[in-house]
Amino acid sequence: MINVTKVAEIDAETLAKNLHQTRQQLAEFSEESAYKQSVNLIAVSKKHPPQAVVAAADAGQREFAENYVQEGIDKIHAVDNPDLIWHFIGPLQSNKTKDVAAHFDWVQSVEREKIARRLNDQRPQQLEPLNILLQVNIDDDDNKSGLTPEQVPTLAAFVAGCDRLSLRGLMTILKADTSTEQQRQSFAKMRTLFEQLQSQYGENIDTLSMGMSGDMRQAVLEGANMVRIGTAIFGQRE
Ligand SMILES: *Cc1c(COP(=O)(O)O)cnc(C)c1O
């Protein structure tokens, strides 16, 4: 039988150890890379209970990411910690943009003008502009959403012109089951795209979000400065 409660039972001590270890690895990879960049660790808490977020926050983790709108909002409310920063990283339908604009600090999965326009219109006035990353399907994965590299400039120009959005950079998720060499090549292409965007829009473009538990080394070696890590911190999901 599958032990479905395993995840909820991860203890605070293990979680703190996982976080510490992940941060240490990121520092090593960054040291190993040509960029020597500081890497912002985002803890992906999808399918893990609010208590796991509380335990991670107690261990010093500040930024969290969720894939599903309702699950994310429920968790944000349950955790109820104004010091935390929340990233939305999942597919976003237009009927959910209002909820996302009201509850999250970042949206990393923007790939359509319609979604960007709605987030801009719906971002509550009392909140800071919503931070936006454009999602790029860098290795042309049929299963994955995201812009082609050629589509980036047009959507970037649109988002940059929205006063309730702040364009911060790019995000990608690689195809599963490719070689480390292929991963490095795809991440390197992302880095080039990111630098092109930076040369056009300047220092506001400061975030290249790539790398998950399985490929974070390759991502950091190729210049990621934000990684989204779930499994290596919280353990397996279901
Ligand atoms: C689930 C998810 C992650 C984290 O994946 P792990 O392999 O558990 O580290 C990162 N980014 C996105 C977009 C995800 O959906």
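Residues numbered from 1 in each chain as written. Predicted model: local features only at pLDDT ≥ 70, side-chain atom pairs only at ≥ 80, totals over all residues. Heavy atoms only, no water.

Quick notes on the overall build of the protein
For step 1, the next point in the chain: Along its length, the protein carries nine helices and eight strands.
For step 2, the next point in the chain: Radius of gyration (C-alpha) of the protein: 17 Å, near the 18 Å computed for a compact globule of 238 residues.
For step 3, the next point in the chain: The C-alpha extent of the protein, read off along each of the three principal axes, is 45 × 40 × 35 Å.
For step 4, the next point in the chain: Out of the 238 residues belonging to the protein, those deemed buried represent 49%.
For step 5, the next point in the chain: The long-range fraction of contacts in the protein, counting pairs at least 24 apart against all pairs at least 6 apart in sequence, stands at 60%.
For step 6, the next point in the chain: In the form shown here, the protein has an accessible surface area of approximately 11700 Å², with 45% of it arising from carbon and sulfur atoms.
For step 7, the next point in the chain: Here the protein holds 25 positive side-chain charges and 33 negative ones, and the gap between their average locations is 3 Å. (Helix = DSSP H or I, 4+ residues; strand = E, 2+ residues; numbered from the N terminus. Rg over C-alpha atoms; globule rule 2.2 N^0.38 Å. Buried < 20%, exposed > 50% of the residue type's maximum accessible area, 1.4 Å probe, protein only. Contact = heavy atoms within 4.5 Å. Areas by Shrake-Rupley, 256 points an atom, 1.4 Å probe, with all protein chains shown as cover. Lys, Arg positive; Asp, Glu negative; His and termini not counted. Charge placed at Lys NZ, Arg CZ, Asp CG, Glu CD.)

A word on the pattern of salt bridges
Two side chains bearing opposite charge may form a pair once their charged atoms approach each other closely.
For step 1, the next point in the chain: Within this structure, the stated rule accounts for seven salt bridges.
For step 2, the next point in the chain: The residue Glu-66 makes a salt bridge to Lys-75 at a minimum N-O spacing of 2.9 Å.
For step 3, the next point in the chain: Three or more residues joined by partner-sharing salt bridges are found here, namely Glu-66, Glu-71 and Lys-75. (Salt bridge = Lys/Arg side-chain N within 4 Å of Asp/Glu carboxyl O.)

Remarks on the UniProt feature "domain: Alanine racemase N-terminal" (unreviewed entry) in the protein
For step 1, the next point in the chain: In this structure's numbering, the residues bearing the UniProt feature "domain: Alanine racemase N-terminal" (unreviewed entry) are residues 28-237.
For step 2, the next point in the chain: End C-alpha to end C-alpha, residues 28-237 measures 26 Å, and it is 40% helix and 19% strand. (UniProt positions renumbered as here; feature names shortened; annotations may be inferred.)

Examining the packing of aromatic side chains
For step 1, the next point in the chain: Summed over all chains, the structure comprises two aromatic pairs.
For step 2, the next point in the chain: On the basis of an interplanar angle of 35° and a centroid distance of 5.6 Å, the ring pair of Phe-64 and Trp-86 is categorised as tilted. Taken as a pair, Phe-64 in strand E2 (residues 63-66) and Trp-86 in strand E3 (residues 85-88) lie far apart in primary sequence, 22 residues in all. One exposure class covers both Phe-64 and Trp-86, and it is buried.
For step 3, the next point in the chain: For the pair Phe-88 and Phe-104, a centre-to-centre distance of 5.4 Å together with 75° between the ring planes defines the contact as edge-to-face. (Phe/Tyr/Trp six-rings, centres within 6.5 Å; stacked < 30°, edge-to-face > 60°.)

Describing the UniProt feature "modified residue: N6-(pyridoxal phosphate)lysine" (unreviewed entry) in the protein
For step 1, the next point in the chain: The positions that UniProt labels "modified residue: N6-(pyridoxal phosphate)lysine" (unreviewed entry) are, in the present scheme, Lys-46.
For step 2, the next point in the chain: Along the chain, Lys-46 falls in the loop between strand E1 (40-44) and helix H2 (50-58).
For step 3, the next point in the chain: With residues up to four places along the chain from it excluded, the contact list for Lys-46 reads Ala-65, Glu-66, Asn-67, Tyr-68, Glu-71, Lys-75 and Arg-237.

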